[in-house]
Amino acid sequence: MRSRRYLQLDVFAERVGAGNPLAVVLDADDLDDARMQSFAAWTHLPETIFLLPPPPGADYRVRIFTPTQELPFAGHPSVGAAWAALDAGWAPAAAGQLLQDCAAGRLPVRVERSGARVRIAVRAPRARPCEVDGVRPRAIERAFAGAARGALDVRLWDNGPRWWLLELADEAAVRGLRADLAAIRAATDGHALGVAVFARGGEGADADYVVRAFCPGDGIDEDPVTGSANAAIAAALLEAGRVAPGSAYRVSQGRELGRDGRVEVSVDEDGEVWVGGEVQATIRGRLTW
């Protein structure tokens, strides 16, 4: 059987062991859909990516899988894919910009270096709110009935995956939340990846916003750090006038799981949302699958 290069990365991580773990399979051009999905299920990580030879005009191609399905876009896999493409020599080591090809289209990537530290940011597909009947938002609200609510209404947003977004009153409400996973699974029920809750960081916090994301229907009860959900939250804040084009803020996510990740979110002058952060390599090896 063919042996392939394999990496495991921590994404949105300022140290090893933080952020969101990501499985990366290189030399994957001969794997079919079923073998990719079976491997993603076997890792039981939030996402697994397969790096593939790029089509003309792109630096690399990536396919993104959760334990149960393929996604057109996800944030931490896209940031990790860019880091892995640079690490593998698929793009010039000094490149400041890359172009990712994925099921959501061609996405630009920024690479910023400061000494030995590298920060990578990807422009997320533009998020849009989804029209839904009145039953589904009420089901989401019931799933979080005991949580102190924030000002924004609960809404479903789509930027590749679909996320329900629910603003809570403050950082304490987010950090102290005990999620009813069975109710969340029933409320999302195949039409959304999960529910992301968020609030402003408290006084003296080291982040502007705190976020948690729950996707039990996809096999991961709580996702450690979630780029697509953070991009959707930024779109909702932009629509509400709470952030402006040309602004940036910092997110804390994953502390409740011991992962304590950091996401750098920015909105460019065109209103496009970028999510980024640091990447740490934790495993390098060979894979037979």
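- The name given to the protein in an unreviewed UniProt entry is PhzF family phenazine biosynthesis protein, with the source organism recorded as Lysobacter firmicutimachus.
- Under the UniProt heading Sequence similarities (unreviewed entry), the entry covering the protein gives this text: "Belongs to the PhzF family."

1. Structural notes on the overall build of the protein
(1) Moving on: From N to C terminus, the protein includes six helices and 17 strands.
(2) Moving on: Computed over C-alpha atoms, the radius of gyration of the protein comes to 18 Å, within 12% of the 19 Å expected from 2.2 N^0.38 for 289 residues, which places it in the range of a compact globule.
(3) Moving on: Dimensions of the protein along its principal axes, counting C-alpha atoms only, are 50 × 40 × 35 Å.
(4) Moving on: Taking the intrachain contacts of the protein between residues at least 6 apart in sequence as the baseline, contacts between residues at least 24 apart amount to 63%.
(5) Moving on: When the accessible area of the protein is evaluated, it comes to approximately 11700 Å², of which 48% is carbon and sulfur surface.
(6) Moving on: On the protein, the mean spot of the 33 positive side-chain charges and the mean spot of the 39 negative ones are 2 Å from each other.

2. A short note on helix α5 (residues 181-188)
(1) Moving on: Those residues of α5 that fall on the buried side of the exposure criterion are I184, A187 and T188. Each buried residue of α5 lies within a common arc of 90 degrees when the element is viewed along its axis, so the set occupies one face.
(2) Moving on: Where α5 is buried, its residues meet α3 (135-143), β11 (162-167), β12 (194-200) and β13 (209-215).

3. Quick look at the state of the cysteines
(1) Moving on: Scanning all chains against the criterion turns up zero disulfides.
(2) Moving on: Just so you know, C130 is unpaired, no disulfide at all, and the nearest cysteine sulfur is the one on C215, 17 Å from it.
(3) Moving on: By relative accessible area, C130 is classed as buried at 11%.

Rules behind the numbers
- Residues numbered from 1 in each chain as written.
- Predicted model: local features only at pLDDT ≥ 70, side-chain atom pairs only at ≥ 80, totals over all residues.
- Heavy atoms only, no water.
- UniProt positions renumbered as here; feature names shortened; annotations may be inferred.
- Helix = DSSP H or I, 4+ residues; strand = E, 2+ residues; numbered from the N terminus.
- Rg over C-alpha atoms; globule rule 2.2 N^0.38 Å.
- Contact = heavy atoms within 4.5 Å.
- Areas by Shrake-Rupley, 256 points an atom, 1.4 Å probe, with all protein chains shown as cover.
- Lys, Arg positive; Asp, Glu negative; His and termini not counted.
- Charge placed at Lys NZ, Arg CZ, Asp CG, Glu CD.
- Buried < 20%, exposed > 50% of the residue type's maximum accessible area, 1.4 Å probe, protein only.
- Arc of directions from axis to C-beta.
- Disulfide = S-S within 2.5 Å.

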